[in-house]
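Fold and geometry: a report
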Amino acid sequence: MDNLLLATRIVTERLSEVVADGLVIGLFEGWQPDSLANDPLLRSIKSVWKLKDFQGKLKETIVLYPEGLRFPRLLLVGLGQ
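The following paragraphs examine the structure supplied in this document. Per chain, residue numbering runs from 1 following the sequence as it is written. Totals for whole chains, interfaces and linings use every residue, but because this is a predicted model, local features are given only for residues with pLDDT of at least 70 and side-chain atom pairs only at 80 or more, for both listing and counting. As a rule here, side-chain values come from all non-hydrogen atoms in the structure, and water together with hydrogens is ignored.

A few points about the pairing of strand 1 (residues 23-27)
Exposure classes here rest on a 1.4 Å probe applied to the protein chains alone. A residue is buried below 20% of its type maximum, exposed above 50%, and partly exposed in between. Runs of H or I in DSSP of at least four residues are treated as helices and runs of E of at least two as strands, each being numbered from the N terminus. The alternating pattern of strand 1 places L23, I25 and L27 on a buried face and V24 and G26 on a face that is not buried. By definition, two strands form a pair when at least two bridges between them are found by DSSP. Judged from the five bridges that link them, strand 1 and strand 3 (residues 74-78) form a sheet pairing that is parallel. Considered in strand 3, the bridge of I25 is made with L76.

What to know about the side chain of S44
Looking at where S44 falls in the secondary structure, it is placed in helix 1 (residues 40-50). Once residues within four sequence positions are removed from consideration, S44 is found in contact with L64 and P66. Two residues qualify as a contact provided that any one of their heavy atoms is within 4.5 Å of a heavy atom in the partner residue.

Regarding the environment of L64
Mapped onto the secondary structure, L64 falls in strand 2 (residues 61-64). By relative accessible area, L64 is classed as buried at 11%. Put simply, L64 and S44 are 20 residues apart on the chain and 7.3 Å apart in space, counted from C-alpha to C-alpha. With near-sequence residues (within four places) excluded, L64 lies in contact with S44, I45, V48, P72, R73, L74 and L76.

Things to note about unusual backbone geometry
The residue K52 is not glycine, and still its phi comes out positive at about 65°. Exposure remark for K52: the relative accessible area of 58% places this residue in the exposed category. Backbone geometry at K59 places phi at a positive 70°, although glycine is not the residue there. Looking at the element boundaries, K59 is found in the loop between helix 1 and strand 2. The exposure class of K59 is exposed, given its relative accessible area of 69%.

A closer look at helix 1
For helix 1, the complete set of buried residues consists of L41, L42, S44, I45, V48 and W49. Taken end-on, helix 1 shows its buried residues confined to a sector of 160°, consistent with a single buried face. Buried-residue contacts for helix 1 involve strand 1, strand 2 and strand 3. Trailing helix 1 by a residue or two, K52 shows a phi angle of about 65°, which is positive. The arc under discussion is defined with respect to the helix axis, by the directions toward the C-beta atoms.

Written out as structure tokens, the structure is:
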């Protein structure tokens, strides 16, 4: 088996400017999306939140494949209350 390397970095730039294979975002239970925000990232998150496919419960995860962003995968991780 080949050695797998996972490069991680913490960024402070706008998410629309991040270029990566994937992005991980932790969200707390009860988080409320900004109803005025209309960017591709928030639209992806709001869609699964609204359908209750993801609620931010501790250790809950979901992978999204957002369009219009510079990373093909978005992993949401629930942080609990």
